[in-house]
Amino acid sequence: MAYVVSTGMTGFGDRDESLGELMALAANHCIENSDVDRNGIDGLVASNALGGEMGMQTGVQNYLSSRLGINGYSRRVGQTSAGGAAAFKEGCSLVDSGKDDVVLVVGGEKMTHLGTSRSSDVISSVIHPDEYRHGLTMPAFAGLVADLYINETDATRKDLARVAVENHGKALRNPDAQFGKDLSEEDVLNSPLVADPLRLYDFCPTTDGAAAVLMVSDDRLREDLESGASHGVSRVAAVAGTNDTHAVHDRDTPLSLKAVRESRRDAYQEAGISTEDIDVLELHDMFTALELIQLEDLGFYNHGKGWRYVRREEDNGSSDGSSDGTTGDGDVPVINPSGGLKARGHPLAATGLAQIVELHRQITNEAGERTVNDASVGVACNLAGYGNAAITTVMDEPGVER
Amino acid sequence: MSPDVGNDGGSQELVARKCDEGHYSFTDQDACPRCGTELSMEKDLSDTSGKVVAATVSRATPDGVRTPNPLATVEFNLEEGTVTKTGQLTENAVREGELVVESGDLVEPVYVEQLRDTGESFKHEESQGWGGYRFCPVN
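Residues numbered from 1 in each chain as written. Chains lettered and ligands numbered in written order. Predicted model: local features only at pLDDT ≥ 70, side-chain atom pairs only at ≥ 80, totals over all residues. Heavy atoms only, no water.

Along its length, chain A carries 13 helices and twelve strands. Relative to a compact globule of 402 residues, whose C-alpha radius of gyration would be 21 Å, chain A shows 20 Å and is just as compact. Sequence separation of 24 or more characterises 76% of the internal contacts of chain A that already satisfy a separation of 6 or more. Placing the 34 positive and 63 negative side-chain charges of chain A at their respective mean positions leaves the two points 3 Å apart. (Helix = DSSP H or I, 4+ residues; strand = E, 2+ residues; numbered from the N terminus. Rg over C-alpha atoms; globule rule 2.2 N^0.38 Å. Contact = heavy atoms within 4.5 Å. Lys, Arg positive; Asp, Glu negative; His and termini not counted. Charge placed at Lys NZ, Arg CZ, Asp CG, Glu CD.)

This paragraph deals with the side chain of Arg134 of chain B. Residue and element names in this part refer to chain B. In this structure, Arg134 sits in strand β10 (residues 132–137). Look at Arg134 and you get buried, because its relative accessible area is 11%. Only 2.6 Å separates the side chain of Arg134 from the side chain of Gln88, close enough to count as a polar contact. Arg134 has contacts with Arg66, Gln88, Leu89, Thr90, Glu91, Glu108, Pro109, Val110, Val112 and Leu115, leaving out every residue within four places of it along the chain. (Buried < 20%, exposed > 50% of the residue type's maximum accessible area, 1.4 Å probe, protein only. Polar contact = N/O pair within 3.5 Å; in protein donor to acceptor, adjacent residues only side chain to side chain.)

The subject of this paragraph is the nonpolar core. Residue and element names in this part refer to chain A. Core analysis: the biggest nonpolar cluster contains 68 residues, and Phe287 and Val394 have the highest contact counts within it. It is helix α6 (residues 138–152) that provides the largest number of residues to this core, a total of nine residues. Excluding residues that lie within four positions of it along the chain, Phe287 makes contacts with Ala142, Val145, Leu198, Asp202, Phe203 and Tyr386. Ala85, Leu94, Met215 and Val236 belong to the second largest nonpolar core, which has 33 residues in total. (Core = buried A, V, L, I, M, F, W, Y, C linked by side-chain atoms within 4.5 Å.)

All names here are of chain A. In a regular helix each residue adds 1.5 Å, so 14 residues correspond to 20 Å; helix α1 (residues 19–32) covers 20 Å between its end C-alpha atoms and thus fits that length. The buried fraction of α1 amounts to ten of the 14 residues, a majority that puts the element mostly inside the structure. Buried positions along α1 lie against β1 (2–9), β2 (43–47), α2 (60–68), β4 (102–109) and β7 (209–217). (Expected span 1.5 Å × (residues − 1).)

Residue and element names in this part refer to chain A. Burial analysis of β4 places eight of its eight residues in the buried class, which makes it a mostly covered element. Burial of β4 is two-sided: the residues Val102, Leu104, Val106 and Gly108 facing one way and the residues Val103, Val105, Gly107 and Glu109 facing the other way are all buried. In this sheet, β4 lies alongside β2 in parallel orientation, the contact comprising five bridges. Pairing of Val45 across the sheet is with Val105, part of β4. The pairing of β4 with β7 spans eight bridges and is classified as antiparallel. Each bridged residue has a counterpart across the sheet, and for Glu109 the counterpart in β7 is Gly209. (Pairing = 2+ DSSP bridges.)

For the rest of this paragraph, the subject is the packing of aromatic side chains. Residue and element names in this part refer to chain B. Per the counting criterion, the structure on display carries five aromatic pairs over all chains. With a centroid separation of 5.9 Å and 80° between ring planes, the pair formed by Phe26 and Phe76 is classed as edge-to-face. Placement of Phe26 in the loop between β2 (24–25) and β3 (39–44) and of Phe76 in strand β5 (residues 69–78) is noted, with a sequence separation of 50 residues between them. A relative accessible area of 2% places Phe26 in the buried class. (Phe/Tyr/Trp six-rings, centres within 6.5 Å; stacked < 30°, edge-to-face > 60°.)

A few words now on the sheet that holds β4 of chain A. Reading across the sheet, the ten strands line up as β3-β2-β4-β7-β1-β8-β12-β11-β9-β10 (chain A) and stay open at both edges, with mixed pairing between neighbours. Whereas interior strands pair on both sides, the edge strands pair on one side only; in this sheet they are β3 (73–77) and β10 (334–335) of chain A.

Together, Asp42, Asp101, Glu223 and Glu226 of chain A make up a region of like negative charge exposed at the surface. Judged by relative accessible area, Asp42 of chain A falls into the partly exposed class, the value being 30%. (Patch = residues over 30% accessible without salt bridge, like charges linked within 9 Å, V, L, I, M, F, W, Y side chains within 5 Å. Areas by Shrake-Rupley, 256 points an atom, 1.4 Å probe, with all protein chains shown as cover. Salt bridge = Lys/Arg side-chain N within 4 Å of Asp/Glu carboxyl O.)

Residue and element names in this part refer to chain A. At their nearest, the axes of α6 and helix α11 (residues 288–297) sit 10 Å apart, and the two run at 60° to each other. Considering only the axes of α6 and α11, their crossing is left-handed. Touching Val145, Ala146 and Tyr149 of α6 are Ala289, Leu292, Ile293 and Glu296, all from α11. Split into classes, the residues belonging to the contact of α6 with α11 amount to six nonpolar, no polar and one charged. (Axes fitted to C-alpha atoms, helices over the stretch in contact; angles between N-to-C directions. Left-handed = near helix turned anticlockwise from the far one by under 90°. Nonpolar A, V, L, I, M, F, W, Y, C, P; charged D, E, K, R; others polar.)

These figures capture arrangement, not role.
Below you can see the structure in the form of structure tokens.
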């Protein structure tokens, strides 16, 4: 079993530091927030999606271990925009296997320097060749998915705008978030078209930033506590990852993500939880409709009903089904207290770790004015591409009975 | 048919394949992308009309891609099911800046030698093939 004992983050946004500097900044914050000595770190797992491709440091794990003074073995884990969660999963494996007792996981991305057109093309190179040749981009996929979602469900264009409004409102209480301004539905609906029917404020921004977590084994945690350590602790109850087809058109539908459904199933089962146990949820809302689709695939709403989330105050909460550890009845926890990708920002391979940082801080009551009362179970879902892979993580408060 | 450039996992042809489990796809990969079983049936759909399932106009396009870039996911009917493909629409799918294609419309495939300018693209021209089918609205 692995435990998170410390976290660190840079603020997300348009930053001047290089990729290596950003990751070192988050890592140093994390180490300095802990009782761990840096030469006692057994392993370093770095997560970075496109550093070399974007003209930054290639093989950033070696830069980091040298710069940070960590003698333990370092490696880089890649899973495109789910790299943060993939690195976290790797760190858990190192601890669970007994190989390492103390592991530092750091994710970072530097993106804003390239400009939108170039960075969009570099990011698009992760998609299937058959799609890349047609000029498909992540926002273009989003436009197709949103068109289908509106046509095939009772969701409206306005429902999608409300997703953006909610996340921007929450980010106001997160000092690390990229956006610190409120949005209205009109702001979203009047912003420039990017990929019909989606507009600029339907999308997450281009972001620089880094996040880090320090995890320890059972034995190491016990030693720390016996020696009087007083830091907050969260437990990794489960981390599960699954894949789907690379080309999106090879799936039955883009409106339900098999990788999310299956990683959710495995993670909930391993952690022994159902949707009713979850207090806080961090979603991969790269665009507005994706937040609603994830709510369906994570079991909070039935297929095609996720739009009920943004109309919940006018909803009578009627149940429409249940299955494998899910309620599907719209009984939702607090979603994206951080502001999510939409408003916190999305530095690709840092995002999954920023989600873990948020869950840890919520569970240990270290999230400042956005702290969710009595949060003891948190779930994060991190996606690679448009669902090429998904990693669902369950974090909880050690020793709390469910 | 235009020859493919290397085995990049993306066919420039419009040949639907069916695996032993009954999944259809346009893949030219080694096995069914959904279940990994062997691909056993092929059907050329380059002369067949399909139905638009979803459409968009990508207005903030990357280097080397036309602006605007109208795109659609198109469904083709087969004897025992359907197969879908996402790709570019022809230029006449946009009039005065507005998309004139919508869900349910019929389109027909039109082969294009080069779908984007490889000199401007991040991926190297030798990384994959660049020809393929656009979908033209059927009046």
